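# A look at the structure
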Amino acid sequence: MAVAMLRGAAAAAARRWGPVAGRGKAVGTRGCHGVARRREWVPPAGRDSGIVAYNSRSRSKEPLVLATEGVATCSYVKFDIIRRIMTRFFGIEVIMVMGITDIDDKIIKRANEMNISPLALARIYEEDFKQDMAALKVLPPTVYMRVTDNIPQIISFIKTIIDSGQAYATSQGNVYFDVKSWGKRYGVLTTIHPDTQDEAVDTDKRHSKDFALWKAAKPQELSWTSPWGKGRPGWHIECSTISSAVFGKQLDIHTGGIDLAFPHHENEIAQCEVYHQCEQWGNYFLHSGHLHVKGSQEKMSKSLKNYITIKDFLKKFSSDQFRMFCLRSRYSSVEFSDESMDDAKHLLQAISSFIRDANAYIKGQLVCDPVREDILWERLANTKVTVKAAFADDFDTSRAVAAIMDLIHHGNRQLKAVTKDAGSPRSSVVYGTIISYIEGFFNALGMSFGERQVAVGGDNSAVLSNVLDELVRFRTKVRHYALALPEEAAEAVPMEGATGAKGPKEEQKEKRQQLMRERKPLLEACDSLRGDLAAFGIHIKDRAAVSTWEMVEGGQAKQQTEEKS
């Protein structure tokens, strides 16, 4: 079993990545046996997944080969999408384990300011994190593992590294990893070498590049008893210990933000390769880019005060809009702006509109000219091939979405409404298949469209939906009455022997004009209601015999079709 180990929710108010692990069907495994002093990446043995991904460890795209035990990836929205791609499009079953750092310097400092215990504050952060992830439709992990529940394992892990000669304890009760002792093996993900000139060291470290495995307790600070005195774990050792405790030596994929490549991931590699005495811990490292504000080189972060909380963000945009925004860019580079979010919103509306019209065509509510089915079948087949190829090329979601939009474009070209039905058979099957594929595509990536979509907001949304159903149904009846002529007006016949009277055609015309004048206010009221509702994001579309409505609220679309009156 493999794992991708990163910092958990509570470590920084639920802002860092959590570890994820998975299982795939592999034909072989590459074990951790023997220590070789080398930095070169070694292609693992196992099953080729059919995916090529950029590997920070080799600094190039590599075929993604999975060991027998499985595959690992990491979750927040960008990596949640990757996890879903691997599961739904490549048949790799993913099992996720998330490590939660529930004790660190920031938590201790904030807890002291709030006069509560660090663990109580960590639980608040953890629950807040879980709620945010659920709101973003991020798949939950199979299991959470807190650092404070694994202190004995962490102490044992540190002792093994000390016994191997790659760590040392100081008289002050700290334990450091001896980077110089690891030689050229340090610097797998970066160009930093331990034998370069040291800076001045004003601590109990031997060298400036050494990093803490165990931190001696400060006065009135939460601590645990260890062979080196009371203290608590360092940052990097937590992730290495939890991943090893759950999954042992095998790690297929490790993911996270590019800012974690050094020092966090670099130090994890050093710790685990010492502990397991293996030449390559972590076959693949996938790193996502920072979320940048458009036009700025600065990343979006709390420390720079240029961030927005998830809860505040979801007041303005929907989770589907943000997920579409993520799909439109590569996971290694993300640039945020209101324009990019508006682009995502418009794409969602275009997709919903196509699904709505295609469903109306299938039901006979939208009359069109004969459809060239052969063209649509060919486009659908080509789209499936393009999507699979895009996902296999370093999870290129932007190219995959572009292929879907091209399919929608060609589907829309043949859904042009005509006024008269020529009696030609409808091509319901091809449009039904296209709808099914598009809805399945986005559903697999954590989004929903069309009539199957569940509106956000629970019971209140269900009540609103029913109210709108009745309102549009009543409006449809009023509109049909205003547009209809009584049968007797249409079937008037001349009276025998009548003289000086108007002919039947003139009488019928006057009758129609009179009815139109009388009923014009009803049609104006219907149009006024449609305009007023549109201002609130509720759009009514009148067809020949039915009316449909769509509610666009923060990117969430709910569409219903009224019964023929």
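Refer to the structure above for everything that follows.
Definitions and limits used
Residues numbered from 1 in each chain as written. Predicted model: local features only at pLDDT ≥ 70, side-chain atom pairs only at ≥ 80, totals over all residues. Heavy atoms only, no water. 1 Å grid on protein atoms, 1.4 Å probe; cavity = no way out; pocket = protein on both sides within 12 Å on 5 of 7 lines; lining within 4 Å. Points joined across faces, edges and corners; volume = space filled by probe spheres on them. Helix = DSSP H or I, 4+ residues; strand = E, 2+ residues; numbered from the N terminus. Nonpolar A, V, L, I, M, F, W, Y, C, P; charged D, E, K, R; others polar. Buried < 20%, exposed > 50% of the residue type's maximum accessible area, 1.4 Å probe, protein only. Axes fitted to C-alpha atoms, helices over the stretch in contact; angles between N-to-C directions. Parallel < 35°, antiparallel > 145°, perpendicular 65-115°, else oblique. Contact = heavy atoms within 4.5 Å. Pairing = 2+ DSSP bridges. Patch = residues over 30% accessible without salt bridge, like charges linked within 9 Å, V, L, I, M, F, W, Y side chains within 5 Å. Areas by Shrake-Rupley, 256 points an atom, 1.4 Å probe, with all protein chains shown as cover. Salt bridge = Lys/Arg side-chain N within 4 Å of Asp/Glu carboxyl O. Phe/Tyr/Trp six-rings, centres within 6.5 Å; stacked < 30°, edge-to-face > 60°. Expected span 1.5 Å × (residues − 1). Bend = angle between axes of the 7 residues up to and from the residue. Polar contact = N/O pair within 3.5 Å; in protein donor to acceptor, adjacent residues only side chain to side chain. Lys, Arg positive; Asp, Glu negative; His and termini not counted.

### Here's the deal with empty space enclosed by the protein
Summed over the entire model, instances satisfying the criterion amount to five cavities of 30 Å³ or more. Quantified by volume, the second largest cavity comes out at close to 50 Å³. When contributions to the lining of the second largest cavity are tallied by element, the ones reaching two or more residues are α1 (77-88) and α8 (319-327). Per element, the largest residue contribution to the lining of the second largest cavity is three residues, and it comes from α1. Considered class by class, the residues forming the lining of the second largest cavity number six nonpolar, two polar and two charged.

### Here's the deal with helix α6 (residues 261-276)
In terms of burial, α6 is a largely internal element, 13 of the 16 residues being buried. At the C-terminal side of α6, Q277 shows a positive phi close to 50°.

### Points about the packing of α1 against α8
Contact pair α1 / α8: the axes reach a minimum separation of 10 Å and the direction vectors enclose 75°. Here α8 runs roughly perpendicular to α1, going by the angle between their axes. On α8, the residues that touch V77, K78, D80, I81 and R84 of α1 are F322, R323, C326 and L327. The residue inventory of the contact of α1 with α8, partitioned by class, reads five nonpolar, no polar and four charged.

### Points about the pairing of strand β2 (residues 60-66)
In this structure, strand β1 (residues 47-55) lies alongside β2, joined through six bridges in antiparallel fashion. Residue pairing in the sheet places A53 in a bridge with E62 of β2. Hairpin connection of β1 to β2: four residues between the antiparallel strands, including R59 at a positive phi of 60°.

### Section: a nonpolar patch on the surface
A surface patch of nonpolar side chains, about 240 Å² in accessible area, is lined by M114, I116 and I124. Here I124 is to be found in helix α3 (residues 118-135). A relative accessible area of 49% places I124 in the partly exposed class.

### Notes on the packing of aromatic side chains
According to the stated counting rule, one finds 14 aromatic pairs in the structure shown. Aromatic pair W214 and W228: ring centres 5.9 Å apart, planes at 55°, arrangement tilted. Of this pair, W214 sits in strand β7 (residues 211-216) while W228 sits in the loop between β7 and β8 (231-233); the two residues are 14 residues apart in sequence, bridging distant segments of the chain. Of the residues examined, W214 reaches a relative accessible area of 0% and is grouped as buried. For W228, a relative accessible area of 15% gives the class buried.

### A short note on helix α15 (residues 504-535)
Taking 1.5 Å of rise per residue, 32 residues should cover 46 Å, and α15 covers 45 Å from first to last C-alpha, within 8% of that figure. Of all the bends in α15, the largest measures some 45° and sits at R519, one to four residues before the proline P521. Within α15 the residues assigned to the buried category are L515, R519, C526 and L533. Count one or two residues on from α15 and you reach G537, which has phi positive near 85°.

### Quick notes on the side chain of E273
Relative to the elements of secondary structure, E273 occurs in helix α6. A distance of 2.8 Å separates the side chain of E273 from the side chain of R57, its partner in a polar contact. Separated by 3.0 Å, the side chain of E273 and the backbone nitrogen of W281 make a polar contact. When neighbours within four sequence positions are excluded, E273 is seen to be in contact with R57, W182, R185, C278, E279, Q280 and W281.

### Some points on the environment of H254
Position of H254 relative to the elements: it lies in strand β9 (residues 253-257). According to the relative accessible area criterion, H254 is buried, its value standing at 0%.

### Quick look at the side chain of D204
Assignment of secondary structure puts D204 in the loop between β6 (175-177) and β7. Nearest to the buried, unbridged D204 among oppositely charged side chains is K205, at 7.8 Å. Separated by 2.9 Å, the side chains of D204 and N174 make a polar contact. Among the polar contacts made by the side chain of D204, one reaches the side chain of Y176 at a distance of 2.6 Å. Those residues within four positions of D204 in sequence are excluded, and the remaining contacts are Y168, T170, Q172, N174 and Y176.

### So, the environment of R475
If you trace the backbone, R475 turns up in helix α13 (residues 459-483). Its relative accessible area of 2% is what places R475 among the buried residues. Separated by 72 residues in the primary sequence, R475 and S547 place their C-alpha atoms 8.9 Å from one another. Apart from the residues lying within four places of it in its own chain, the contact partners of R475 are C526, D527, L529, R530, I540, D542 and S547. Looking at R475, its side chain comes within polar contact range of the side chain of D542, at 2.8 Å.

### Quick look at the pattern of salt bridges
Considering all chains together, one arrives at 32 salt bridges under this definition. Here R323 ties to D80 by a salt bridge, and the two come within 2.8 Å at their closest N and O atoms. Residue R323 is located in helix α8, and its partner D80 is located in helix α1; the two are separated by 243 residues in the primary sequence. Relative accessible area serves as the criterion here: at 1%, R323 is assigned to the buried category. On the basis of relative accessibility, which here comes to 0%, the residue D80 falls in the buried class. D320 is the partner of K137 in a salt bridge, and the nearest nitrogen-oxygen pair spans 2.8 Å.

### Digging into the sheet that holds strand β5 (residues 167-169)
Sheet architecture is open: four strands sit in the order β5-β6-β7-β8, paired in antiparallel fashion. Each edge of the open sheet carries a strand with a single partner, namely β5 and β8. With direction set aside, neighbouring strand axes in the sheet form an average angle of 20°.

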